[in-house]
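# Descriptive analysis of the structure
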Amino acid sequence: MHRVELIVSELCTNAIRHTRSGDPGQKFHVHVCTDERGVHVEVRTLPPRRPRSVPRVVPPEDPFSEHGRGMFLVDQWATQWGTLSPRENGVYFLLAWEPSD
């Protein structure tokens, strides 16, 4: 469950930092669905502050940097992730539960 919390935290931080959802008085929405296979989360935002700006993985150049590795970690931890459809703004991820013995 810690992975889910960390990924959601990263995507919410990105919503505030990189989209109009972080402007004063604005908001974003988090939708969470779970079933026996895993969890599906969507972070729905207002449009990005920069046109055609989409989340992307950028390997960190400086291992001690405080910025620039969030989507790299999302990519490593999530089973799958991506942007929502072109008519929607935001990001989703899927995290499959680990099989129990």
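Criteria and thresholds
- Residues numbered from 1 in each chain as written.
- Predicted model: local features only at pLDDT ≥ 70, side-chain atom pairs only at ≥ 80, totals over all residues.
- Heavy atoms only, no water.
- Axes fitted to C-alpha atoms, helices over the stretch in contact; angles between N-to-C directions.
- Helix = DSSP H or I, 4+ residues; strand = E, 2+ residues; numbered from the N terminus.
- Left-handed = near helix turned anticlockwise from the far one by under 90°.
- Contact = heavy atoms within 4.5 Å.
- Nonpolar A, V, L, I, M, F, W, Y, C, P; charged D, E, K, R; others polar.
- Buried < 20%, exposed > 50% of the residue type's maximum accessible area, 1.4 Å probe, protein only.
- Arc of directions from axis to C-beta.
- Pairing = 2+ DSSP bridges.
- Salt bridge = Lys/Arg side-chain N within 4 Å of Asp/Glu carboxyl O.

What follows covers the packing of helix α1 (residues 2–18) against helix α2 (residues 70–77). To describe two helices that pack against each other, one gives the angle between their axes and the distance between the axes. At a minimum axis distance of 10 Å, the contact between α1 and α2 shows a crossing angle of 145 degrees. For the pair α1 and α2, the crossing hand works out as left-handed. Contact residues: α1 offers Arg3, Leu6, Ile7, Glu10, Leu11 and Asn14, while α2 offers Gly70, Met71, Val74 and Trp77. When its residues are assigned to classes, the contact of α1 with α2 shows six nonpolar, two polar and two charged.

Along α2, the residues classified as buried are Gly70, Met71 and Val74. Projected down its long axis, α2 shows its buried positions confined to an angular sector of 90 degrees, all on one face. For α2, the elements touching its buried residues are α1 and β3 (80–83).

The next thing to look at is the pairing of strand β1 (residues 29–34). Note that β1 and strand β2 (residues 38–44) share six bridges and pair antiparallel. What sits directly across from cysteine 33, in β2, is histidine 40. Here β1 hands over to β2 after three residues, the two strands then running antiparallel side by side.

Under the defined criterion, the tally for this structure stands at four salt bridges. We note a salt bridge from glutamate 42 to arginine 44, for which the minimum N-O separation is 2.6 Å. Glutamate 42 gets classed as buried once you look at its relative accessible area, which sits at 15%. Connected through shared salt-bridge partners, Glu42, Arg44 and Glu88 make up one network.

Strand order in the open sheet formed by four strands is β1-β2-β4-β3, with antiparallel pairing between adjacent strands. Looking at which strands have only one partner, the edges of the open sheet turn out to be β1 and β3. Taken over all neighbouring pairs, the strand axes of this sheet differ in orientation by 10 degrees on average, direction set aside. Packing of α1 onto the sheet brings it into contact with β1, β2 and β4 (90–96), and relative to β4 it is tilted by some 175 degrees.

The next point concerns the side chain of threonine 19. Within the secondary structure, threonine 19 sits in the loop between α1 and β1. Owing to a relative accessible area of 9%, threonine 19 belongs among the buried residues under this scheme. Not counting residues up to four positions away in its chain, the partners in contact with threonine 19 are Asn14, Thr45, Leu46, Pro47, Pro48 and Arg49.

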